[in-house]
Amino acid sequence: MGITSHDVARLAGVSQPTVSRALRDDPRVSQATREKVKRAAQALNYVPSEAGRTLSTRATRRVGVIVTDLTNPFYPHVIAPLHDELSSLGYRMMLITERSDEAVAEEKLLDQSMDGVVLATATTDSRLPAQLERRGMPYVFLNRDTGRAGDFASVVDNEGGGRLVARELVALGHRRIAGVFGAANTTTGREREMGFRLALAEAGVGLPEGRVVRGAFEYDTGYRALPALLEADEAPTAVFCGNDVVAIGVLNAALAAGVKVPDDLTVIGFDDLPMASWEVFRLTTVRHDLRELSRQAARLLVRRIAKDVDPAGERLVLPTEFVPRATHARAH
């Protein structure tokens, strides 16, 4: 017969249930005991059976993370801290990638192989949250949610961030302002645009639809948007972009068109990805804590799995701050 958890328990001088808890890093077991059990398991070449663990606890200690856009540089910066936080809480992360939420087969998520799900690229019209809710699968939103009451989400103050940018541009004397925003079926796209528009309106500055582009949060959206904006009768002197990746597309389009940034055109992003601070970009942007956004989502999901949440929903909102670098200037 193979080595069992009972053999590990005898070698470590603890009970079999303590072995099970120690090997999944249960915080109820002291650090010293966990290390002793792990040394015993290693000495015996013992590998815990995931199937047996699931049967005994009715929990898999696995969490699915759904991301539909891994090509976006934003997501690696939230997936890594999400993995680390889940691991520290005793859970393993399974990354599920599809072209859209709708392509994620329900049976993939509801075959009892996971305890919960993180939705990282949800849209406001996705049917997946309702499917999960109907089947009793705990889930939380990361970065985007549905915007409806009852959501469990870790998000950013997108509207507040949009307001920060508008006030800065107005203070710099800009009046011909454009926006290259995210898709209308994302809360990040809608809320950033809404905050931006409201603050401009409060200052008596309009944002006509002719100076607005909406699209995916990707480089091509920004790169393709700028030429059309520049061809208008009154070209904009400033562009607010839905995220840093879109802003980098605008910066490259400006370079290709011979438009000097920031002398001729101010460009501002959102998120403050690490690449935004690179010398080649030095992008002026809006910052929020990417790592805490993920850690907050992991902790919220684990609490929801444990039924330790407000049943009416919990929307955890991180603050934003304006980060001035080298792509903004006063209007001429």
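Source: prediction; values computed, not measured.

Before going further, it helps to spend a moment on helix H10 (residues 219-230). Between its first and last C-alpha, H10 extends 18 Å over 12 residues, near the 16 Å set by a 1.5 Å rise per residue. Listed in full, the buried residues belonging to H10 are Thr221, Gly222, Ala225, Leu226 and Leu229. Within H10, the buried residues cover an arc of 120° as seen down the axis, which keeps them to one side. Seen from the open side of H10, the exposed residues pointing more than 90 degrees away from its buried face are Arg224 and Ala228. Among the structural elements, strand E6 (177-182), strand E7 (212-215), strand E8 (238-241) and helix H11 (244-257) are those in contact with the buried residues of H10.

Let's shift gears to the pattern of salt bridges. Here the structure, examined in full by the defined rule, presents 20 salt bridges. The partner of Asp7 in a salt bridge is Arg10, with the nearest N and O atoms 2.4 Å apart. Residue Asp7 and its partner Arg10 are both found in helix H1 (residues 5-12); the two are separated by 3 residues, about one turn of the helix. Take Asp7: its relative accessible area is 22%, and that puts it in the partly exposed class.

The next point concerns helix H8 (residues 158-171). Between the first and last C-alpha of H8 there are 20 Å, a value that for 14 residues agrees with the 20 Å anticipated at 1.5 Å per step. Every buried residue belonging to H8 is among Asn158, Gly160, Gly161, Gly162, Arg163, Val165, Ala166, Leu169 and Val170, and all of these are buried. The first or second residue beyond H8 is Gly173, which carries a positive phi of 90°.

Attention shifts here to unusual backbone geometry. Residue Pro262 follows Val261 across a cis peptide bond; omega there is 10°. Relative to the helices and strands, Pro262 resides in the loop between H11 and strand E9 (266-268). The phi dihedral of Asn143 is positive, around 80°, even though this residue is not glycine. Considering the arrangement of structural elements, one finds Asn143 in the loop between strand E4 (139-142) and strand E5 (152-156). If you check the backbone angles, Asp272 has positive phi at about 55° while not being a glycine. Tracing the sequence through the fold places Asp272 in the loop between E9 and strand E10 (285-287).

For the protein, the domain assignment lists domain 1 (5-57), domain 2 (62-156 + 290-320) and domain 3 (158-287). With centres defined by C-alpha atoms, the gap from domain 1 to domain 3 works out at 53 Å.

Neither face of strand E3 (residues 116-119) is open: one carries Gly116 and Val118, the other Val117 and Leu119, and all of them are buried. In this sheet, E3 lies alongside strand E1 (residues 62-67) in parallel orientation, the contact comprising 4 bridges. Within the sheet, the bridge partner assigned to Val65 lies in E3 and is Val118. Taken together, the 3 bridges between E3 and E4 define a ladder with parallel strand orientation. In the strand pairing of E4, Val118 is matched with Val140. Chirality of the crossover, the property in question, places the unit of E3, helix H7 (residues 128-134) and E4 among those that are right-handed.

Let us now look at the side chain of Arg61. Tracing the sequence through the fold places Arg61 in the loop between helix H4 (50-57) and E1. Buried within the structure, Arg61 lacks any salt-bridge partner; Asp115 is the closest side chain of opposite charge, at an N-O distance of 5.5 Å. At 3.2 Å, the side chain of Arg61 and the backbone oxygen of Leu89 are in polar contact. From its side chain, Arg61 meets the backbone oxygen of Gly90 in a polar contact 3.1 Å long.

Quick notes on the rules
Residues numbered from 1 in each chain as written. Predicted model: local features only at pLDDT ≥ 70, side-chain atom pairs only at ≥ 80, totals over all residues. Heavy atoms only, no water. Helix = DSSP H or I, 4+ residues; strand = E, 2+ residues; numbered from the N terminus. Expected span 1.5 Å × (residues − 1). Buried < 20%, exposed > 50% of the residue type's maximum accessible area, 1.4 Å probe, protein only. Arc of directions from axis to C-beta. Contact = heavy atoms within 4.5 Å. Salt bridge = Lys/Arg side-chain N within 4 Å of Asp/Glu carboxyl O. Domains from an automatic or database assignment. Pairing = 2+ DSSP bridges. Right-handed = clockwise from strand over helix to strand, strands pointing away. Lys, Arg positive; Asp, Glu negative; His and termini not counted. Polar contact = N/O pair within 3.5 Å; in protein donor to acceptor, adjacent residues only side chain to side chain.

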